[in-house]
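# Examining the three-dimensional arrangement
As a plain string of letters, each chain reads:
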Amino acid sequence: QVQVVESGGGLVQAGGSLRLSCTASGLTFDGYGLGWFRQAPGKEREGISYITQSGNAGYVNSVKGRFTISRDNAKNTLYLQMNNLKPEDTAMYYCARDTRAYFRSWGDFAYWGQGTQVTVSS
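Report follows, based on the coordinates. Since this is a predicted model, take the numbers as computed values, not measurements. (Residues numbered from 1 in each chain as written. Predicted model: local features only at pLDDT ≥ 70, side-chain atom pairs only at ≥ 80, totals over all residues. Heavy atoms only, no water.)

For the rest of this paragraph, the subject is the overall build of the protein chain. Of regular secondary structure, the protein chain possesses zero helices and 11 strands. In the protein chain, the order of α-helices and β-strands from amino to carboxyl end is β-β-β-β-β-β-β-β-β-β-β. The C-alpha radius of gyration computed for the protein chain amounts to 13 Å, which stays within 12% of the reference 14 Å derived for 122 residues, consistent with globular compactness. By its C-alpha atoms, the protein chain is 40 × 30 × 30 Å across when sized along the principal axes. Counting over 122 residues, the protein chain shows a buried share of 42%. Once local pairs closer than 6 in sequence are excluded, the contacts in the protein chain between residues at least 24 apart make up 58%. With an accessible surface of roughly 6,200 Å², the protein chain has 44% of that area assigned to carbon and sulfur atoms. Of the charged side chains in the protein chain, 12 are positive and 9 negative, and the gap between their average positions amounts to 3 Å. (Helix = DSSP H or I, 4+ residues; strand = E, 2+ residues; numbered from the N terminus. Rg over C-alpha atoms; globule rule 2.2 N^0.38 Å. Buried < 20%, exposed > 50% of the residue type's maximum accessible area, 1.4 Å probe, protein only. Contact = heavy atoms within 4.5 Å. Areas by Shrake-Rupley, 256 points an atom, 1.4 Å probe, with all protein chains shown as cover. Lys, Arg positive; Asp, Glu negative; His and termini not counted. Charge placed at Lys NZ, Arg CZ, Asp CG, Glu CD.)

Structure representation (structure tokens):
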């Protein structure tokens, strides 16, 4: 009965913004690292941002300065604020919980959600 659900995706013009949310039931976020991933058609899934159990965040260079990850443990929710979106950001976005409290590897994440589609038009 573990369920992870992303929401907030949609179609937006280049330069626009979206805020993604991720909630879980039957699974606690408190005490674990969390992350956002994305997968574009024909490409492998890539980790783009993580946040530790204490709130320290990291980003890959392609989204750094444009995306902001945050969490609310009381609401068991993870967020991703995406600003200045570009067509190359078009992908299915997934959230997942780490098996650790602090980031070590993208391969440590588990309990994937179903994804939410983000499409950025020129």
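On we go from here.
So, on to the state of the cysteines. What the rule picks out here adds up to one disulfide. Paired by a disulfide, C22 and C95 hold their sulfur atoms 1.7 Å apart. Placement of C22 in strand 3 (residues 18-25) and of C95 in strand 9 (residues 91-98) is noted, with a sequence separation of 73 residues between them. (Disulfide = S-S within 2.5 Å.)

This paragraph deals with the pattern of salt bridges. A complete count under the given rule lists four salt bridges for this structure. With a closest N to O distance of 3.0 Å, E46 and R38 form a salt bridge. By relative accessible area, which is 34% here, E46 ends up partly exposed. With a relative accessible area of 7%, R38 lands in the buried category. Here D108 and R104 are joined by a salt bridge, their closest N and O atoms 3.3 Å apart. Each of the salt bridges in this network shares a partner with another, and the network as a whole consists of R38, E46, R66 and D89. (Salt bridge = Lys/Arg side-chain N within 4 Å of Asp/Glu carboxyl O.)

Once that is clear, we can look at the packing of aromatic side chains. One pass over the structure, following the stated rule, counts eight aromatic pairs. Arranged with centres 4.5 Å apart and planes meeting at 70°, the rings of F37 and W112 form a pair that is edge-to-face. A residue pair is termed long-range when its members are at least 10 positions apart, and F37 in strand 4 (residues 34-39) and W112 in the loop between strand 10 (109-110) and strand 11 (116-121) qualify at 75 residues. Looking at F37, the relative accessible area reads 3%, which means it is buried. (Phe/Tyr/Trp six-rings, centres within 6.5 Å; stacked < 30°, edge-to-face > 60°.)

Looking now at the pairing of strand 8 (residues 77-82). Counting buried positions over the six residues of strand 8 gives five, a clear majority of the element. Where strand 3 meets strand 8, six bridges bridge the pair, whose relative direction is antiparallel. If you follow C22 over to strand 8, its bridge partner there is L78. Here six bridges tie strand 7 (residues 67-72) to strand 8, and the two strands are oriented antiparallel to one another. Within strand 8, the residue paired with F67 across the bridge is M82. The antiparallel pairing of strand 7 with strand 8 creates a hairpin that spans four residues between the two strands, and N76 there sits at a positive phi of about 50°. (Pairing = 2+ DSSP bridges.)

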